[in-house]
Amino acid sequence: MSKKQDKNNTGCNGVSAAKRRTLKALGAGLAAASSPLWFPRAYAASEPIKIGAQLHRTGIGASYGRWYERTAAAAVKLINEQGGINGRPVELIVEDDGTDPKRGTEVLEKFATQHKVDVAYGTLFSHVVIGSSPRAGELKLPYVVCSEGHHVASGQLNRYVFQPGITDVRSQVISMAPWISSNLGKKVTMIFPDFAFGHDHRDYFSQAIADQGGEVLELIAVPPTETSFTRYFPRIPRDTEVLYHVMVGPGVLTFVKEMGQHFGKKRPEIFGFIDSLEAVDLATPQLEFLEGTYFWEGSPRYAQSNQTEFDKQYRAAVGVDDSGASIADPKDISTYSHMFSCWESLFIIKEAMELAGYRSAADKTAFIEAMESLQKFDQGLAHPQGNKIFNPKLHQSFGHQHISKVGSGGVLEVVHKTSIEDGIYDSDVDYTKMAL
Amino acid sequence: MSNGLKSAVLHTAVVVGFLLLQYVLPEYHLLSVTRIMLLAVFAMGFNLLFGYTGLLSLGHAMFFSAGMYGAGLSVYHLGWSVPTAFIFGILCGALLGFLIGLIALRTTGVAFMIVTLMFAKVTYLVIVYFTQYTRGDEGLVMPAESRSFDLFGMHFSLTDSVTRYNLALGLLALTMFIVFLLVRGRFGRSLIAIRENESRTKMLGYNTFFIKLKALTVSAALSALSGSAYALMFAYIGSSFANIQYSIDPLLYSLLGGAGTILGPVFGTFTMFYLIDIASEYTSAYLLVTGIVLVILVLYFPRGVFGAIRQNFCRWLP
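Please read all numbers here as calculations on a predicted model, not as lab measurements.

Kindly report on the overall build of chain B, identifying the contributing residues and their values.
In terms of helices and strands, chain B carries 13 helices and four strands. At 19 Å, chain B has a C-alpha radius of gyration in line with the 20 Å of a compact globule built from 318 residues. Each of the 318 residues in chain B was classed as buried or not, and the buried ones make up 49%. Here the analysis covers contacts within chain B between residues at least 6 apart in sequence; of these, 76% occur between residues at least 24 apart.

An account of the overall build of chain A is needed here, citing residue identities and associated values.
A tally of regular secondary structure across chain A gives 11 helices and 15 strands. A buried classification covers 50% of the 436 residues belonging to chain A. For chain A, contacts bridging at least 24 residues in sequence account for 68% of all contacts bridging at least 6.

Before we move on, could you go through the nonpolar core and cite the residues and values that matter?
By size, the foremost hydrophobic cluster in this structure holds 200 residues, and its most contacted members are Ala75(A), Val41(B), Ala224(B) and Leu232(B). The element that contributes the greatest number of residues to this core is helix 2 (residues 27-52) of chain B, accounting for 15 residues. For Ala224(B), the residues in contact, after removing those within four places along its chain, are Phe63(B), Phe64(B), Ala66(B), Gly67(B), Gly70(B), Gly89(B), Ile90(B), Cys92(B), Gly93(B) and Ala94(B).

I'd like to hear about the sheet that holds strand 5 (residues 161-167) of chain A, residue by residue, with values.
Residue and element names in this part refer to chain A. Here we have eight strands laid out as an open sheet, ordered 2-1-3-4-5-13-12-11, and mixed in their pairing. The strands lining the two open edges of the sheet, one partner per strand, are strand 2 (90-96) and strand 11 (376-377). Note: strand 11 against strand 12 (residues 388-391), two bridges, orientation antiparallel. Its bridge partner being in strand 12, Lys376 is matched across the sheet by Ile389.

Describe in detail the interface of chain A and chain B, supporting the description with residues and values.
A common way to state how big an interface is: give the accessible area lost once the parts meet. With 29 residues of chain A at the interface, the matching set in chain B holds 23 residues. Contributions of two or more residues to the side of chain A that touches chain B are made by helix 4 (101-115), helix 5 (126-138) and helix 7 (196-211) of chain A. In terms of residue count, the dominant contributor to the side of chain A that touches chain B is helix 5 of chain A (eight residues). Class assignment for the residues of the side of chain A that touches chain B results in eight nonpolar, 12 polar and nine charged.

Quick one: what's the story with the environment of Ala72(A), residue by residue and with numbers?
All names here are of chain A. Here Ala72 shows up in helix 3 (residues 62-81). By the C-beta count within 10 Å, which is 24 here, Ala72 ends up buried. Considering only alpha carbons, one finds Ala72 and Val107, 35 residues apart in sequence, at a separation of 17 Å. When near neighbours in sequence (up to four residues on either side) are disregarded, Ala72 contacts Ala53, Leu92, Gly122, Cys342 and Leu346.

Can you tell me about the pairing of strand 6 (residues 187-193) of chain A, naming the residues and giving the values?
Residues in a regular strand project their side chains so that they alternate between the two faces of the sheet. All names here are of chain A. Most of strand 6 sits out of view: six of its seven residues are buried. Where strand 6 meets strand 7 (residues 215-222), seven bridges bridge the pair, whose relative direction is parallel. Each bridged residue has a counterpart across the sheet, and for Pro193 the counterpart in strand 7 is Val222. The parallel pair strand 6 and strand 7, bridged by helix 7, forms a crossover whose chirality is right-handed.

Residues and numbers for the sheet that holds strand 10 (residues 294-297) of chain A, please.
Strand pairing in a sheet is mediated by backbone hydrogen bonds. Such pairs are either parallel or antiparallel. Residue and element names in this part refer to chain A. As summarised here, the arrangement of the seven strands in space is 7-6-8-9-10-14-15, forming an open sheet in which the pairing is mixed. Of all strands in the sheet, those with a lone pairing partner are strand 7 and strand 15 (412-417), marking the two edges. Each neighbouring strand pair of the sheet contributes to a mean axis angle of 25°, computed without reference to strand direction. In the sheet, strand 10 pairs with strand 14 (residues 402-406) via four bridges, with the strands oriented antiparallel. When the bridges of strand 14 are listed, Tyr294 appears paired with Lys405. Sheet strands in contact with helix 7 are strand 6, strand 7 and strand 8 (242-245), and its direction is about 165° off that of strand 6.

Run through the pairing of strand 10 of chain A, naming residues and quoting values.
Residue and element names in this part refer to chain A. Every second residue of strand 10 is oriented toward a common face, with Tyr294 and Trp296 on one face and Phe295 and Glu297 on the other, all of them buried. Summarising the sheet, strand 9 (residues 269-273) and strand 10 pair through three bridges and their orientation is parallel. When the sheet's bridge partners are listed, Phe271 is paired in strand 10 with Tyr294.

If you had to explain the confidence of the model for chain B to someone new, which residues and values would you point to?
Predicted confidence across chain B gives a mean pLDDT of 93, with 100% of residues reaching 70 or more. Across the interface, the model reports ipTM at 0.83; the global pTM reads 0.85.

Break down unusual backbone geometry for me, with residues and values.
One non-glycine residue, Asn86(A), lies in positive phi territory at about 50°. Following the sequence through the fold, Asn86(A) ends up in the loop between helix 3 and strand 2. Of the residues examined, Asn86(A) has 16 C-beta atoms within 10 Å and is grouped as partly exposed. Of note, Phe152(B) is a non-glycine position whose phi angle comes to about 50°, a positive value. Take Phe152(B): it is sitting in the loop between strand 2 (148-151) and strand 3 (154-157).

Before we move on, could you go through the confidence of the model for chain A and cite the residues and values that matter?
All names here are of chain A. Considering every residue of chain A, the mean pLDDT works out to 88; 89% of them sit at 70 or more. Confidence over residues 1-17 falls short of pLDDT 50; this stretch has six contacts with residues more than four positions distant or in other chains. Note on residues 25-42: pLDDT is under 50 here. Beyond four places in sequence and across chains, it has six contacts.

Please set out helix 8 (residues 252-263) of chain A residue by residue, giving values where relevant.
Residues and elements named next belong to chain A. Taking 1.5 Å of rise per residue, the 12 residues of helix 8 would be expected to cover 16 Å, and the 17 Å separating its terminal C-alpha atoms lies within 8% of that figure. Among all positions in helix 8, only Val252, Phe255, Val256 and Met259 are buried. Viewed end-on, helix 8 has its buried residues packed into an arc of 95°, placing them on one side of the element. Of the residues flanking the end of helix 8, it is Gly264, one or two places downstream, whose phi is positive at about 65°.

Talk me through the packing of helix 7 (residues 161-184) of chain B against helix 9 (residues 208-234) of chain B; I want residue IDs and the actual numbers.
All names here are of chain B. Running from amino to carboxyl end, helix 7 crosses helix 9 at an angle of 175°, the nearest separation of the two axes being 12 Å. One finds that helix 7 runs roughly antiparallel with respect to helix 9. Listed contacts from helix 9 to Arg164, Leu167, Ala168, Leu171 and Thr175 of helix 7 are Leu222, Leu225, Ala229 and Met233. When its residues are assigned to classes, the contact of helix 7 with helix 9 shows seven nonpolar, one polar and one charged.

Describe the environment of Val41(B), naming the residues involved and giving the relevant values.
Residues and elements named next belong to chain B. Relative to the helices and strands, Val41 resides in helix 2. Taking the C-alpha atoms as reference, Val41 lies 18 Å from His29; in sequence the two are 12 residues apart. Every residue in contact with Val41, bar those within four places of it in the chain, is listed here: Leu171, Leu172, Thr175, Leu222, Leu225 and Ser226.

How would you sum up the environment of His262(A)? Please name residues and give values.
Residues and elements named next belong to chain A. Tracing the backbone through its elements, the reader meets His262 in helix 8. Judged by C-beta crowding, with 15 C-beta atoms within 10 Å, His262 ranks as partly exposed. In the structure, His262 is positioned 66 residues away from Ala196 in sequence and 27 Å away in space, judged by C-alpha atoms. Excluding residues within four positions of it along the chain, His262 makes contact with Thr230 and Phe233.

The rules behind the values
Residues numbered from 1 in each chain as written. Chains lettered and ligands numbered in written order. Predicted model: local features only at pLDDT ≥ 70, side-chain atom pairs only at ≥ 80, totals over all residues. Helix = DSSP H or I, 4+ residues; strand = E, 2+ residues; numbered from the N terminus. Rg over C-alpha atoms; globule rule 2.2 N^0.38 Å. Buried ≥ 20, exposed ≤ 12 C-beta atoms within 10 Å, placed from the backbone. Contact = placed C-beta atoms within 7 Å. Core = buried A, V, L, I, M, F, W, Y, C linked by C-beta atoms within 7 Å. Pairing = 2+ DSSP bridges. Nonpolar A, V, L, I, M, F, W, Y, C, P; charged D, E, K, R; others polar. Right-handed = clockwise from strand over helix to strand, strands pointing away. Axes fitted to C-alpha atoms, helices over the stretch in contact; angles between N-to-C directions. pLDDT = per-residue confidence, 0-100. Expected span 1.5 Å × (residues − 1). Arc of directions from axis to C-beta. Parallel < 35°, antiparallel > 145°, perpendicular 65-115°, else oblique.

Structure (structure tokens):
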């Protein structure tokens, strides 16, 4: 091409045809690079499966919500890399519920009527789940929660609500009683917050330890507004062998510090739930007293010596290091014990949708029935926490629990893993009999 | 046209506007406006005490939750019908308002704010303490049989969004009518007199304690009406509704829309609801956005939107 021709091909803005081609190619390259990597071309044109994530971005559950969102995003990325659901990409639509049941209900309504999601999912705090569930049922919106509360399995909700990704608290409590009774002691004193969460522990653990031939010597209920706990410790009987605590909320650091001051070096065995110290570095100076005590963990925060390949891959995908902190910021501690439920629930949704041949909202009934046809989940990348049994009548999964001992520097080492059977309980609840 | 007639026409037009809105609103907004109307009833009840009487309560969540728990618990534990439970919820709020008033109205100003705040905290803790009945922080889901009822030969399904919308509209119109009658009558003028100068009102021979007690009881009853309807329409009761946040909300709605006006709290509730809803789509700091809006409002419209309209254009606005 002559220089003249080349000049003739110059546009009014002075850019030559060759340059335009180069720019076009560059633009296309940039567009491809900037598009989500998990959006394979094969289904780029197909309508996505919309999953509404009702998460605690603000409010008391924000530290959980932050990690739940990261976990959910990582799971969606992987699902899309694997081809999506029924050949369609998955789109995660996140809305903040403010850890408030009123706002939570509004968010569910928004999902159902504005975003037109296929499934709502993700919620942790019990009061948000319980407050939102009636509307999920009335809007006929499948609602897969990651709460660990007993409210789903208790039968008080409805057929549209499932908790397949994490064991409920009743099962967690009773599965650990045999080990506590055999290894820590049979005379237990319980300190718990004086509201529903604490009362569940009080009722279910008291029965479970009695079934093991143990007894609860004293029940110490602490009002939720309490900021100092020193006046409660003298109520702990001298012959207490195990102190069982489930304190939650902002006062928990004070609770641990004052407990240390009360007991000094001579203390009973101490067993607690990690819930209150999720997203908290156990190496925090105020928590030194916890060394040598035990905690329940759903999924062990620290990578253990027998870590599975699936746990390694899951940590890498979510961005968590071997000590349970963010890879990007070691001070940002994850809610590792619980957040696997977000990951696993999404893979369960995928499994049920594929089983139902889910295509559109018209298939929601088939999706619910497919969820209710699931029986078990094998350990794998989709279920890194471990295998689980799913009870379709209760809409609830049952899995393994971990008891970990706090070592030097706050490192948690698993000393016992319960069997699934340890946590199974009888129930008359049957959601499958409810109308859809 | 007299001022009274102008006011009546305007308020009727607002109710008709809400009535017509349901034919054009998409479903999500139909659901949202239903909530807004119920919360506006709460705000109007609050405003009767705050805007017209000059008493700033920081504990109105206790009246809202008295209605909510009065209705909800009677349905859940006693199996009462929806209309009976609804009226019982209102009575619970009115009774609580009367009893609290007997004590709290012995104080004024900041002390009144602190006393009402304290009683609200007590109400919250009572709900949490009696977990075996209330399920405390977790709350209770209303049973399926309470999701519909028959009244005057008609069947109402509370799962139907249009039915709920119209019931909420009916309650909004009723509250507006009650407040309209109250504030435009002798009672309303005595409330304003107390707000402007209680000592002078007392000197003129009015029993200001009794008038304030009456205002607080009506205000509590309207707040309880809102709570009672909220529990029955959305099938959930929980202690979080007794939190301080739910005492502050009607204050913000009234300040935004215009304290001491009937339509102000309705406008404030509507605006605040959508401000939060829209801002939360873009940022998790949505409360900061609403805070900034409120600061701007206080700086430039200290009487709220309808307060400014009344001051500058329509002095006849009640």
